[in-house]
Structures are given as C-alpha cells and as structure tokens.
Amino acid sequence: MSASLAGRHLVVSAGPTFEDIDPVRFIGNRSSGKMGFAIAAVAAARGARVTLVAGPVHQPTPAGVQRVDVRSAAQMHAAVFAALPCDAYIGAAAVADFTPRAFAAGKLKKTPGQDTLVLELVKTRDILAEVAARAQRPRLVVGFAAETDNVAGYARGKLERKGVDLVCANQVGVGATGFESDDNALLVLGHDGFERALGPAAKSALAGLLLDLVAERIGR
Ligand code: PMT
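Residues numbered from 1 in each chain as written. Predicted model: local features only at pLDDT ≥ 70, side-chain atom pairs only at ≥ 80, totals over all residues. Heavy atoms only, no water.

Caption draft 1: Region of interest: the site of the ligand. The ligand sits among 29 residues. The nearest are S31, S32, A93, K158 and N170. G91 is positioned with one of its backbone polar atoms (N or O) 2.7 Å from an oxygen atom of the ligand. K203 places a polar side-chain atom, nitrogen or oxygen, 2.7 Å from an oxygen atom of the ligand. According to the grid-proximity analysis, the pocket containing the ligand is the largest pocket. Broken down by secondary-structure element, the contributors of at least two residues to the shell around the ligand are helix 1 (34-45), helix 3 (127-133) and strand 9 (140-147). Sorting elements by how many residues they give to the shell around the ligand places strand 9 first, with four residues. Grouping the constituent residues of the shell around the ligand by class yields 13 nonpolar, eight polar and eight charged. (Near = heavy atom within 4 Å. Polar contact = N/O pair within 3.5 Å; in protein donor to acceptor, adjacent residues only side chain to side chain. 1 Å grid on protein atoms, 1.4 Å probe; cavity = no way out; pocket = protein on both sides within 12 Å on 5 of 7 lines; lining within 4 Å. Sits in = over half its atoms within 2 Å of the grid points. Helix = DSSP H or I, 4+ residues; strand = E, 2+ residues; numbered from the N terminus. Nonpolar A, V, L, I, M, F, W, Y, C, P; charged D, E, K, R; others polar.)

What follows is the structure, given as structure tokens:
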C-alpha cells in the first residue's frame, strides 16, 4: 500500500533555470520538469500539502499543488526559501551552477572582425546545500544528481558535500533517460551505505517509490 503523506508539507523544485545574457539570449538546460512534476503530483495525491517551485517548463499544474513559477536560479532560491518551513525538500530542478555576471540591457551585437565572445559567469547559490544547512532544517532533504558518467561516484560526493539525507542519481546525456523522457531510472543513495535502485519505470511510478522512502523517513 502507498504510504500516506497527510499533514506533511513538501517543497519540490522542478525544471531548468534560465540565466539571461541579454533580452533575447539565455543559458538553460534540457530539463522538461517531468520528474519534479511527477513527484509533486503523487505527493499531493497522497495527501501532502505541496509547494512546487517550477522553472520555465510547459507542464500542467498537478491537482492540489501550489505552483510558484520562476525563471532564474536566484528566483528559484528566493521562492524555495519563501516556501519553508517544510517536512521534506526535494530538489529535482536542474539549477544552473553559473549565471552571467552582468545582464546586457540591449541585445549583444557582434562587431566586424570579432571571432570570439568571452562571457563571464559567476557561481549561483546552492539552494539544496543551503536548505540542508539551515538551522530549522526540513526533517528530510533529498537531492538529485544528473550525471553523464561515474553516476554513483559523483552522486555519493554530492550526498556528503551538500549535507543531504538522500541523493537520487540519474543518467543524462545522449541516449540516457534522465532529461525529457517519460521514463527514468534512479539510484537512491543515503548514509550508512543505503542504496536502492528504482526503475527503469515511468517517472510517475518512480515518484511513488521515492515518496515511499520519504514517507518512511518523515513519518516516524
Ligand atoms: O525535468 P526532466 O526532463 O524530467 O529531467 C529530470 C532531471 C534529470 C532534471 C532530474 O531527474 C534531475 O536529475 N535533477 C537534478 C539535475 C541537476 O541539476 O543535478 P546536479 O547534479 O547539477 O545538481 C545536484 C543537486 O543540487 C540537485 O538536487 C539540484 O537541484 C541542486 N542544486 C544545484 C545547483 C544549485 N545552484 N542549486 C541546487 O539546489
């Protein structure tokens, strides 16, 4: 039987962030939002109050979910922190690690003879790590790790470095299912050697299996 999440508040992030360079260009990534939206939908169906902080995606809002739309990593950071406190934070968004240092108010033009353009990027704030380091920390902080190679190794590094309770590792890149597809496979890693392979399965089914693990941990 599916574990109930009645009475719990979950904050879920989903989708990409777009980091604007000028009024017509941005840095983005291939996240469709499907994974995070599936988690939000299943959590709401199981009785949780769900705040879904969504980057720029074309996904319908799941029933019973409070959705906050954002564009940039900075806006996602603000929206996630405004939604706290919560019982569990699940960071499924593909947040940009770097953003342009400056936004050009007018469209950047190429000048005659120009062969290269150097764009200075600065690090964004790590939403997941900051939520996990907060004094009034959610009982459970779940991160994702999107990797093209050494999936388990890099994911374990993120588990330790970001101070989270669980990391869901998935493969992205050519031929991999992480981004955009309706299916995925997750390797969930926790402390004390916890390791659980979920899928391959539909993202909605994976959301249910992941939320069973979440409910076990925040239900006690
Ligand atoms: O949206 P879909 O098309 O369905 O694709 C799903 C997905 C591949 C995007 C999803 O399953 C996934 O892996 N999401 C995390 C993608 C990612 O950015 O991974 P990362 O390894 O770069 O980041 C690790 C974790 O830190 C993530 O939980 C991320 O939300 C978080 N992070 C990263 C940078 C930052 N500045 N703030 C963050 O909170």
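Caption draft 2: View of the nonpolar core. Grouped together as the largest cluster of nonpolar side chains are 38 residues, with contacts concentrated most on L10, I39, I90, F144, V188 and L211. The set of elements that each furnish at least two residues to this core consists of strand 1 (9-14), helix 1, strand 4 (49-54), strand 6 (88-91), strand 9, strand 10 (166-171), strand 11 (183-190) and helix 5 (203-218). When near neighbours in sequence (up to four residues on either side) are disregarded, I90 contacts L10, V11, V12, S13, I39, V142, F144, L211 and V214. Judged by nonpolar contacts, the second largest core, of 24 residues, contains A83, V131, A155 and L189. (Core = buried A, V, L, I, M, F, W, Y, C linked by side-chain atoms within 4.5 Å. Buried < 20%, exposed > 50% of the residue type's maximum accessible area, 1.4 Å probe, protein only. Contact = heavy atoms within 4.5 Å.)

Caption draft 3: Main features of the packing of aromatic side chains. By the definition in use, this model includes one aromatic pair. Positioned above the aromatic ring of F26, the side-chain terminus of R71 is 5.3 Å from the ring centre. Over the face of the ring belonging to F194 we find R217, whose NZ or CZ atom lies 4.6 Å from the ring centre. (Phe/Tyr/Trp six-rings, centres within 6.5 Å; stacked < 30°, edge-to-face > 60°. Lys NZ or Arg CZ within 6 Å of the ring centre and 35° of its normal.)

Any functional reading would require information that these geometric values do not contain.
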